[in-house]
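# An overview of the molecular structure
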Amino acid sequence: MRDEEMATPNFLPTKKELQLSSKNFASKLIDSGNYNLEEIYAQALRAKEAISIIETELKKALPDENFEAFGIKANFRNGGNTINYSEDPVYADYKKQIKQREELIKTATNSDVKIYDEDGYEVPKVSKTPRKSALAISF
């Protein structure tokens, strides 16, 4: 390590350095061919889950104030308020109508026959956008 880094309490790697070294570590594991990648992945998920739980519990115990430690700055922010639009009857009615229309469109798009709405208009078949495939994990 560099001398000036050793002289300060923040000698730990930066976020970018952590990301780069972690990516390099993973690449070496993959490229070596000496490891079962499914097993290493499973262990990484377990470690990630453990660290995530520890981080969550520690965060809950922190006071609601700003702090700085080991090069990490934390700024407390008040959550503010969310407007409850659904308490407005007009909004709630529009939302209900949209849900009903979504169901009609879904039915029309997946059907071989023409579908008509309550006003007698044909419900158009719309295009579909494929979702990204993913590996589902559970333990």
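Everything in this summary refers to the structure shown in the same document. Just so we're clear, the structure is a prediction, and the values are computed from it rather than from any experiment. (Residues numbered from 1 in each chain as written. Predicted model: local features only at pLDDT ≥ 70, side-chain atom pairs only at ≥ 80, totals over all residues. Heavy atoms only, no water.)

## Digging into helix α3 (residues 37-61)
- For α3, which comprises 25 residues, the first-to-last C-alpha distance of 36 Å matches the rise-based estimate of 36 Å (1.5 Å per residue) to within 8%.
- Here α3 starts with a cap whose side-chain oxygen sits 2.9 Å from the backbone nitrogen of E38, and that cap is N36. (Helix = DSSP H or I, 4+ residues; strand = E, 2+ residues; numbered from the N terminus. Expected span 1.5 Å × (residues − 1). Polar contact = N/O pair within 3.5 Å; in protein donor to acceptor, adjacent residues only side chain to side chain.)

## Considering the layout of surface pockets
- One number sums up the size of the largest pocket: a volume of about 470 Å³.
- For the largest pocket, the lining is made up of 16 residues, of which E55, K59, L62, F67 and A74 are closest to its centre.
- Elements supplying a minimum of two residues to the lining of the largest pocket: α3, β1 (67-69) and β2 (72-74).
- With four residues, the top contributor of residues to the lining of the largest pocket is α3. (1 Å grid on protein atoms, 1.4 Å probe; cavity = no way out; pocket = protein on both sides within 12 Å on 5 of 7 lines; lining within 4 Å. Points joined across faces, edges and corners; volume = space filled by probe spheres on them.)

## Observations concerning a nonpolar patch on the surface
- On the surface, Y41, L135, I137 and F139 cluster together into a nonpolar patch covering about 470 Å² of accessible area.
- By secondary structure assignment, the location of L135 is in the segment after α4 (89-109). (Patch = residues over 30% accessible without salt bridge, like charges linked within 9 Å, V, L, I, M, F, W, Y side chains within 5 Å. Areas by Shrake-Rupley, 256 points an atom, 1.4 Å probe, with all protein chains shown as cover. Salt bridge = Lys/Arg side-chain N within 4 Å of Asp/Glu carboxyl O.)

## Concerning the side chain of T109
- Within the secondary structure layout, T109 lies in helix α4.
- Accessibility expressed as a relative area gives 17% for T109, which makes it buried.
- Only 3.2 Å separates the side chain of T109 from the backbone nitrogen of V126, close enough to count as a polar contact.
- In this view, T109 contacts P124, K125, V126 and K128; residues no more than four positions away in its chain are not counted. (Buried < 20%, exposed > 50% of the residue type's maximum accessible area, 1.4 Å probe, protein only. Contact = heavy atoms within 4.5 Å.)

## Remarks on unusual backbone geometry
- The phi dihedral of F70 falls on the positive side, at around 50°, and the residue is not glycine.
- One can find F70 in the loop between β1 and β2.

## Considering the pattern of salt bridges
- Per the counting criterion, the structure on display carries four salt bridges.
- The partner of D117 in a salt bridge is R101, with the nearest N and O atoms 3.1 Å apart. With D117 in the segment after α4 and R101 in helix α4, this residue pair connects regions lying 16 residues apart in the sequence.
- A residue is classified by how much of its surface remains accessible, and D117, at 15% relative accessible area, is buried.
- Residue class for R101 comes out partly exposed when judged on its relative accessible area of 31%.

## Structural notes on the side chain of S111
- Tracing the backbone through its elements, the reader meets S111 in the segment after α4.
- At a separation of 3.1 Å, a polar atom in the side chain of S111 contacts the main-chain amide nitrogen of V113.

## What about the environment of D112?
- Here D112 is to be found in the segment after α4.
- Residue classification places D112 among the exposed residues on the basis of a relative accessible area of 82%.
- Through-space distance from the C-alpha of D112 to that of K125 is 9.9 Å; in sequence the pair is 13 residues apart.

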